[in-house]
Structures are given as structure tokens and as C-alpha cells.
Amino acid sequence: MPIKMIASDIDGTLLQNGATEISPLLFEQVRALKEHGIAFCAASGRQHGSLRKLFAPVADDIYFICENGGICFTPGGKIAGKTPVKREVALALSHQILDIPHFEVLISGAETSYLIPKHQDYLDHIRYFVGNDVTVVPAPEAIEEDIVKVSAYCPDGALQYQDEWRRRWGSEVQIALGGSLWLDCGVASKREGILTVCKAAGIDPCDVMAFGDNHNDLPMLGAVGHPYLMQTAPAELGSLPYQKADRPETVIGQILENI
């Protein structure tokens, strides 16, 4: 079947080995794909504003799956779908994170990250290194809009807390590792995200190629017809029946050569 959309995770997939900027080659490829009627979708736990900055040269031409599928956007910035967390659950999660002395909380709205920072370094990290649009609030209850994700920043590593949080919150939200230091709590996953953008684009998921490198990418990879797992993925994912790739740009280049 012809490929009609290419979706890719960002951190660890398009951004490897500490990279903070998308390769200019990918922007060229996105433009070439568009000329051939193939859409591109950036899929991430990041917020919409951060992703638009990262993909600035092509931001108006691509789809975005943001907040691990909690909110999705069509080219041009129209919301394609939003799946908020129940407010009472989001507030309880936020307070649990705030009650752990060395944790920090990040509460995701549609276009901003709400922070109640315990340390200036954390605020600076989210605002300047991650590149999020940030709103500092005095308490979670001050947030008036829908909450699409609540994240715990765990400076001593998130994996050790995952099972405990799933036992506590698994009936209310999905708990996913967002890299080594984040626990992301939301109702949606990248599976819902890719299905949402496919519906908006009028594309069958069987005609989608997707790239990912970690546990939170598996729902998306399992929903599409052409899944690729990065060779840098954790060892426990190596046995999954997905094609392997070193970088998405390599595979995309091969597709463009064969059109």
C-alpha cells in the first residue's frame, strides 16, 4: 500500500544523542513529501508551542500530536481533537506530585504549561531548554481550562516510580515514561493521537508509517501499517516485530528516491 502519512516521535527519535534542533534535512524531506501528497506528523509528549518552535520552517504544513495524544492539531493550528483528564483526577495528581519534596509538576493546557515551581532552575529548564510556553500559577485550582496531561518531573529517575503510580492511578489515567525523568499521566495515548489526525486527514492508519524509540511510542506503532523502532530503543523492546531504523530521515530518503 502507498504511504500517505509519516509520523515520528521527537525525543530519542528525531532528536538523538542530546540534539536540540531538528535536522535541516528533515525539513527538506517534509516539503518534498508534501509535493508528493504525503503528510507529515510530529508526535510527542511536548506541548504544541514547543513543537511549533522546533519545526518552525514547516510548522504550518504538518500535523501535531501533542501531550502524548492529549491534544492534536491540523496544519495551520486548528485543534483536531482534545482528550482532557477529569478535573478532580488532574488536581489530585498534581497535589500528589507537589507533596513529594524532590518532584516538580507540569500541568498541560491546550497551549501552555502550568507550573508551580519549587526551584528557579526547574522553571528555567522548562521555559528555556524545553522551550515551552509557561504560565506560573499559585495552585492547580487556579487553572481554568481543560487539563490534558499532568506530568511529574523525577530528577532521580522516573522508571522506579512507574509501577507504584500505575497501581495508584491506573484506573483513571495512563501512566507513561516520557524519557528517563518524566512520568506522564493522561487519558489519551499516541494511539488516540494518530487515529485522530488520520481521521482529520482522511487517511487510513494502514497507510501510515510511524517512528518511535520508547515505551510511550508503542501505542502509535501498534496502530499503523508501517511501524519502525529506532535501533537505540531500550533492549526490552528489541524483540517486538517492528522494522528497525537508525534515523527516520534515512527511511524517508529511501521513500522519496523510489517515488
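Keep in mind the model is a prediction, meaning the values are calculated, not measured.

**Some remarks on the overall build of the protein**
Of regular secondary structure, the protein possesses 8 helices and 14 strands. Computed over the C-alpha atoms, the radius of gyration of the protein is 18 Å, within 12% of the 18 Å expected from 2.2 N^0.38 for a compact globule of 259 residues. Principal axes of the C-alpha set define a box for the protein whose edges measure 55 × 40 × 30 Å. The buried share among the 259 residues of the protein stands at 53%. The contacts in the protein between residues at least 6 apart in sequence include a share of 57% that link residues at least 24 apart.

**Topic: the packing of aromatic side chains**
This structure, assessed with the given rule, holds 9 aromatic pairs. Where Phe-55 meets Phe-64, the ring centres are 6.2 Å apart and the plane angle is 75°; that geometry is what we call edge-to-face. The same class applies to Phe-55 and to Phe-64, which are both buried. Positioned above the aromatic ring of Trp-169 is the side chain of Arg-168, whose terminal nitrogen or guanidinium carbon lies 3.8 Å from the ring centre.

**A few points about the pairing of strand β6 (residues 104-108)**
Within β6, 5 of the 5 residues are buried, which leaves it mostly tucked inside the rest of the structure. Every second residue of β6 is oriented toward a common face, with Glu-104, Leu-106 and Ser-108 on one face and Val-105 and Ile-107 on the other, all of them buried. Strand direction decides the pairing type here: β6 and strand β9 (residues 149-153), joined by 5 bridges, are antiparallel. Each bridged residue has a counterpart across the sheet, and for Ile-107 the counterpart in β9 is Val-150.

**A closer look at the nonpolar core**
In terms of nonpolar packing, the biggest core is built from 32 residues, with Ile-6, Ile-10, Ile-22, Phe-40, Phe-55 and Phe-64 touching the most fellow members. Those elements that place two or more of their residues in this core are α1 (24-35), β2 (39-43), α2 (48-54), β3 (63-66), β4 (71-73), β12 (208-212), β13 (226-230) and α8 (248-258). No other element matches α1, which puts 4 residues into this core. Not counting chain neighbours up to four residues away, the residues in contact with Ile-22 comprise Ile-10, Leu-14, Leu-15, Phe-27, Leu-54 and Phe-55. Grouped together as the second largest cluster of nonpolar side chains are 25 residues, Cys-154, Val-173, Ile-175 and Cys-185 included.

**Topic: the sheet that holds β3**
Read from one edge to the other, the open sheet built from 8 strands follows the order β5-β4-β3-β2-β1-β12-β13-β14, with strand pairing classed as mixed. Since the sheet does not close on itself, it has two edges, and those belong to β5 (79-82) and β14 (243-245), each with one partner. Neighbour-to-neighbour, the strand axes of this sheet turn through a mean angle of 20°, independent of strand direction. Where β4 and β5 come together, 3 bridges link them in antiparallel fashion. If you follow Ile-71 over to β5, its bridge partner there is Lys-82. Sheet strands in contact with helix α6 (residues 190-201) are β1 (5-9), β2, β3, β4, β5 and β12, and its direction is about 155° off that of β3.

Cut-offs applied
- Residues numbered from 1 in each chain as written.
- Predicted model: local features only at pLDDT ≥ 70, side-chain atom pairs only at ≥ 80, totals over all residues.
- Heavy atoms only, no water.
- Helix = DSSP H or I, 4+ residues; strand = E, 2+ residues; numbered from the N terminus.
- Rg over C-alpha atoms; globule rule 2.2 N^0.38 Å.
- Buried < 20%, exposed > 50% of the residue type's maximum accessible area, 1.4 Å probe, protein only.
- Contact = heavy atoms within 4.5 Å.
- Phe/Tyr/Trp six-rings, centres within 6.5 Å; stacked < 30°, edge-to-face > 60°.
- Lys NZ or Arg CZ within 6 Å of the ring centre and 35° of its normal.
- Pairing = 2+ DSSP bridges.
- Core = buried A, V, L, I, M, F, W, Y, C linked by side-chain atoms within 4.5 Å.
- Axes fitted to C-alpha atoms, helices over the stretch in contact; angles between N-to-C directions.

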